[in-house]
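Residues per chain, in single letters:
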Amino acid sequence: MRVFHLKINGDSVDVAAPEHYSLLEILRYELGLTGSKQGCDKGDCGACTVQVDGAPMLACLALPSMVEGKSITTIEGLAVQHCMDGGEGASVLQNAFDEAGALQCGFCQPGMIMSAQALLEHNDSPNRDDIKQALSGNLCRCTGYTQIYTAVEAAAKNRGDHGSA
Ligand code: FES
Ligand code: FES
C-alpha cells in the first residue's frame, strides 16, 4: 500500500491504495467515483477518460504517481464546476447529450463527455472534423456517433449563453 496525494474535482485527497492500482482503480474502488467506466482496461475504448490539467487522459493507463500534484477532473466534477461558474444542475455539455439523445446503453457517455469537454475548453467552435478527431479514441457500440457529434455541436453553440461547457 502507498498513500497518494491527489487533487480530484477541486478537492485534495490522500488515498491509500495498492501501488499497482491505476488511477481508474483508485477512482472507482477507493473513492467510489464510478462515473469513469472500466471498459477494456487497456487503452482501447476511452470509457475511462478523465481530464488531467485540462487534457483528456485514459485513467486505466495512468498510474496515480503520474498525476500527483495535478488537477484531475472526472465526470462527477463537471456539474460541480458548472454550478461554481453560476449555472444550475448538469453542465451544458451533459444537457446537450441528454437533449440530443446521444446515448443508448450509456456506457461510453462519461468518456465521450470528458473528451468533448477538453475539446470545448480549447476550441470554442469546433467543426465536425474537429469533433470526430477529439472523440476518435472513444468507442460507442450503440449510437452510430451522429447524435454524439450533434450534441457536441449544440453544446459549443450554447456554451457562450451559459458560461461553461
Ligand atoms: S477502460 Fe480505459 S481505455 Fe478502455
Ligand atoms: S451508448 Fe452504448 S456504448 Fe455508447
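What counts as what
Residues numbered from 1 in each chain as written. Chains lettered and ligands numbered in written order. Predicted model: local features only at pLDDT ≥ 70, side-chain atom pairs only at ≥ 80, totals over all residues. Axes fitted to C-alpha atoms, helices over the stretch in contact; angles between N-to-C directions. Helix = DSSP H or I, 4+ residues; strand = E, 2+ residues; numbered from the N terminus. Parallel < 35°, antiparallel > 145°, perpendicular 65-115°, else oblique. Left-handed = near helix turned anticlockwise from the far one by under 90°. Contact = placed C-beta atoms within 7 Å. Nonpolar A, V, L, I, M, F, W, Y, C, P; charged D, E, K, R; others polar. Domains from an automatic or database assignment. Buried ≥ 20, exposed ≤ 12 C-beta atoms within 10 Å, placed from the backbone. Core = buried A, V, L, I, M, F, W, Y, C linked by C-beta atoms within 7 Å. Pairing = 2+ DSSP bridges.

Helix 5 (residues 109-122) packs onto helix 4 (residues 92-100) with a crossing angle of 130° between their chain directions and a minimal axis gap of 10 Å. Taken together, the axes of helix 4 and helix 5 are oblique relative to one another. Here helix 4 runs over helix 5; the crossing is right-handed. Contact residues: Leu93, Gln94 and Phe97 in helix 4; Gln109, Ile113, Ala116, Gln117 and Leu120 in helix 5. The class makeup of the residues in the contact of helix 4 with helix 5 is five nonpolar, three polar and no charged.

As far as domains go, the chain holds domain 1 (2-74) and domain 2 (77-162). Centre-to-centre, using C-alpha coordinates, domain 1 lies 20 Å away from domain 2. With 18 residues of domain 1 at the contact, the number on the domain 2 side is 14 residues. Listed by contribution, the elements that provide at least two residues to the side of domain 1 that touches domain 2 are strand 3 (49-52) and strand 4 (55-58). Top element by residues in the side of domain 1 that touches domain 2 is strand 3. It accounts for three residues.

Because an α-helix packs 3.6 residues into every turn, residues spaced three or four apart end up facing the same way. Every buried residue of helix 1 (residues 23-30) is listed here: Leu23, Leu24, Ile26, Leu27 and Arg28. Buried-residue contacts for helix 1 involve strand 1 (2-8), strand 2 (11-17) and helix 2 (64-67). A positive backbone phi angle near 70° is found at glycine 32, which sits one or two residues after helix 1.

Judged by nonpolar contacts, the single largest core of 41 residues is most densely connected at Ala59, Leu93, Ala116 and Ala155. At the level of secondary structure, the elements contributing two or more residues to this core comprise strand 1, helix 1, strand 4, helix 3 (75-84), helix 4, helix 5, helix 6 (128-134) and helix 7 (146-162). Here the element with the most residues in this core is helix 5; it accounts for seven residues. The residues that make up this core include at least three from each of domain 1 (2-74) and domain 2 (77-162).

Turning next to the pairing of strand 3. With four bridges connecting them, strand 3 and strand 4 associate as antiparallel partners. Looking at strand 4, one finds that threonine 49 is bridged to leucine 58. Linking two consecutive strands that pair antiparallel, namely strand 3 and strand 4, is a turn of two residues; a positive phi of about 50° is found at aspartate 53 within it. In this structure, strand 3 lies alongside strand 5 (residues 71-73), joined through two bridges in antiparallel fashion. In the strand pairing of strand 5, valine 52 is matched with isoleucine 72.

A positive phi angle, near 50°, is found at aspartate 53, a position not held by glycine. If you trace the backbone, aspartate 53 turns up in the loop between strand 3 and strand 4. Of note, the phi angle at tyrosine 145 is positive, near 80°, even though the residue is not glycine. Along the polypeptide, tyrosine 145 turns up in the loop between helix 6 and helix 7.

A word on the environment of proline 110. Mapped onto the fold, proline 110 is located in helix 5. Sequence spacing of proline 110 and glycine 46 is 64 residues, and the spatial spacing of their C-alpha atoms is 9.2 Å. Setting aside chain neighbours within four positions, we find proline 110 in contact with Gly35, Ser36, Lys37 and Ile75.

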